[in-house]
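Chain and residue survey
Here is what each chain is made of, one letter per residue.
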Amino acid sequence: MSTLLLLNGPNLGILGRREPEVYGKATLADIERSVAQEVEGRGWDVVSVQRESEGELIHAIQDNYDSVGAIVNPGALMIAGWSLRDALANYPRPWIEVHLSNVWAREQFRHESVIAPLAGGVIVGMGALGYQLAARALLSLTQE
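Just so we're clear, the structure is a prediction, and the values are computed from it rather than from any experiment.

As for the side chain of Thr-3
In this structure, Thr-3 sits in strand β1 (residues 2-8). Assessed through its relative accessible area of 19%, Thr-3 is described here as buried.

What about helix α5 (residues 82-90)?
Taken residue by residue, α5 has Leu-84, Ala-87 and Leu-88 as its buried positions. Each buried residue of α5 sits inside an arc of 95° when the element is viewed along its axis, so together they form one side. Within α5, the exposed residues directed more than 90 degrees away from the buried face are Trp-82 and Asp-86. If you follow the buried residues of α5, they end up packed against α3 (54-63), β3 (69-73), α4 (77-80) and β4 (95-99).

Some words on the packing of α3 against α5
Running from N to C, α3 and α5 cross one another at 5°; their axes reach a closest spacing of 9 Å. The angle between α3 and α5 falls in the class roughly parallel. When α3 is examined against α5, the residues Glu-54, Leu-57, Ile-58 and Ile-61 are found in contact with a partner set consisting of Trp-82, Ser-83, Leu-84, Ala-87 and Leu-88. Taken together, the residues that form the contact of α3 with α5 break down as seven nonpolar, one polar and one charged.

Topic: the pattern of salt bridges
Enumeration over the complete set of coordinates arrives at two salt bridges. Among the salt bridges present, the one from Arg-33 reaches Asp-30, with a minimum N-O distance of 2.5 Å. Of this pair, Arg-33 and Asp-30 both sit in helix α2 (residues 28-39), three residues apart, which is roughly one turn of that helix. Judged by relative accessible area, which is 48%, Arg-33 ranks as partly exposed. In this structure, Glu-38 and Arg-136 form a salt bridge, with 2.8 Å as the shortest nitrogen-oxygen distance. On the criterion of sequence distance, the pair formed by Glu-38 in helix α2 and Arg-136 in helix α6 (residues 129-141) is long-range, its members being 98 residues apart.

Quick notes on the packing of α2 against α6
Closest axis-to-axis distance for the α2/α6 pair is 9 Å, and the angle between their directions is 25°. Of the possible angle classes, the one that applies to α2 and α6 is roughly parallel. Between α2 and α6 the crossing geometry is right-handed. Across the interface between the two elements, Ile-31, Ser-34, Val-35, Glu-38 and Val-39 of α2 pack against Tyr-131, Gln-132, Ala-135, Arg-136 and Leu-139 of α6. Here the residues of the contact of α2 with α6 are counted per class, giving six nonpolar, two polar and two charged.

Here's the deal with the side chain of Thr-142
For Thr-142, the position within the fold is in the segment after α6. With relative accessibility at 8%, the residue Thr-142 sits in the buried group. A polar atom in the side chain of Thr-142 sits 2.8 Å from the backbone oxygen of Leu-138. For Thr-142, the contacting residues outside a window of four places in its chain are Arg-42, Trp-44, Val-68 and Pro-94.

Considering the sheet that holds β3
As summarised here, the arrangement of the five strands in space is β2-β1-β3-β4-β5, forming an open sheet in which the pairing is parallel. One side of each edge strand has no neighbouring strand; the edge strands of this open sheet are β2 (44-50) and β5 (121-124). Neighbour-to-neighbour, the strand axes of this sheet turn through a mean angle of 20°, independent of strand direction. Bridge count for β3 against β4 is three bridges, and the pairing is parallel. Each residue of the ladder has a partner; that of Val-72, found in β4, is Glu-97. Contacting β1, β2 and β3, α2 crosses the sheet at an angle of about 155° to β2. Contacts from α6 reach β1, β2, β3, β4 and β5, with the element oriented near 170° to β4.

Definitions and limits used
Residues numbered from 1 in each chain as written. Predicted model: local features only at pLDDT ≥ 70, side-chain atom pairs only at ≥ 80, totals over all residues. Heavy atoms only, no water. Helix = DSSP H or I, 4+ residues; strand = E, 2+ residues; numbered from the N terminus. Buried < 20%, exposed > 50% of the residue type's maximum accessible area, 1.4 Å probe, protein only. Arc of directions from axis to C-beta. Contact = heavy atoms within 4.5 Å. Axes fitted to C-alpha atoms, helices over the stretch in contact; angles between N-to-C directions. Parallel < 35°, antiparallel > 145°, perpendicular 65-115°, else oblique. Nonpolar A, V, L, I, M, F, W, Y, C, P; charged D, E, K, R; others polar. Salt bridge = Lys/Arg side-chain N within 4 Å of Asp/Glu carboxyl O. Left-handed = near helix turned anticlockwise from the far one by under 90°. Polar contact = N/O pair within 3.5 Å; in protein donor to acceptor, adjacent residues only side chain to side chain. Pairing = 2+ DSSP bridges.

So yeah, pure geometry; function would need other evidence.
Printed below as a string of structure tokens:
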């Protein structure tokens, strides 16, 4: 069975309770289920990892080099997560960066991602649906 890495950074473990007017009411468990449903037809399992620390996210990437691809919401690490960027630069599979909110409609400091230039694509502002769209993109980008 092939696996898809679903990687979520700091503060995303409290989705549904964290500023629902910005991030929506879907929980991380809701998102995990929707991504799993999106890729089940291909026979993929979802390995979901959410951590508050950059180092633990890097370990998750390195531990999942054999996955078919990844959906990555780095949270605020998009701004200055240079070691996360380096880990993703070495990740041997396609991956999509996702953000629940439209980062360009928010504070100026959120307007640049250090990891986005490495991603196969970036989806922002679509709420939890963005994860499903990323899963669909990976299904298209990945030939097994």
